[in-house]
Amino acid sequence: MSTDVFVKDDAVAWQDLGAGVRRKILGYNDSMMMVRVEFETGAIGPQHRHPHVQCAVVEKGSFDVTIEGRTQRLGVGDGYMVPSNALHGVVALEPGVLLDIFTPIREDFLS
């Protein structure tokens, strides 16, 4: 299971997740996945946990990111790491985009 080694952003459709959030899967193989997530101002990535390790970088905007009860305001170029099963979520303070990397892949995103 994998995508091509090259990804053209405009060739990948957005998936509307509702409540001002949408995502597109930019690529994956058996061990990792890259996902772009776009947020409207005030949109929330609700607190959740999963067994995957996740890292992300802010491509656009600013976010309050909470990981295991610790909140940090992050802007363009900033990033964060989420350990496996850590409770985490985000709030978009303005229109923004996160680039998420997961290992292993989020198979739930593919269904």
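All values reported here derive from a predicted model rather than from experimental measurement. (Residues numbered from 1 in each chain as written. Predicted model: local features only at pLDDT ≥ 70, side-chain atom pairs only at ≥ 80, totals over all residues. Heavy atoms only, no water.)

### Comments concerning unusual backbone geometry
Apart from glycine, the bulk of residues carry a negative phi angle, and the bulk of peptide bonds sit in the trans form. Residue Pro 104 is reached from Thr 103 by a cis peptide bond, and omega for that bond is -10 degrees. With respect to the helices and strands, the residue Pro 104 is situated in the segment after β10 (96-103). One non-glycine residue, Ala 19, lies in positive phi territory at about 55 degrees. Note on Ala 19: relative accessible area 72%, which makes it exposed. One non-glycine residue with positive phi stands out, namely Asn 85, at about 65 degrees. One can find Asn 85 in the loop between β8 (79-82) and β9 (88-92). The partly exposed category is assigned to Asn 85, whose relative accessible area is 40%. (Helix = DSSP H or I, 4+ residues; strand = E, 2+ residues; numbered from the N terminus. Buried < 20%, exposed > 50% of the residue type's maximum accessible area, 1.4 Å probe, protein only.)

### Structural notes on the sheet that holds strand β7 (residues 70-75)
Pairing is antiparallel in the open sheet, where four strands are placed in the order β4-β9-β6-β7. Each having just a single partner strand, β4 (44-48) and β7 make up the two edges of the open sheet. The mean inter-strand angle of the sheet, taken between neighbouring strand axes irrespective of direction, is 20 degrees. Bridge analysis of strand β6 (residues 62-67) against β7 gives six bridges, and the strand direction is antiparallel. What sits directly across from Ser 62, in β7, is Gly 75. (Pairing = 2+ DSSP bridges. Axes fitted to C-alpha atoms, helices over the stretch in contact; angles between N-to-C directions.)

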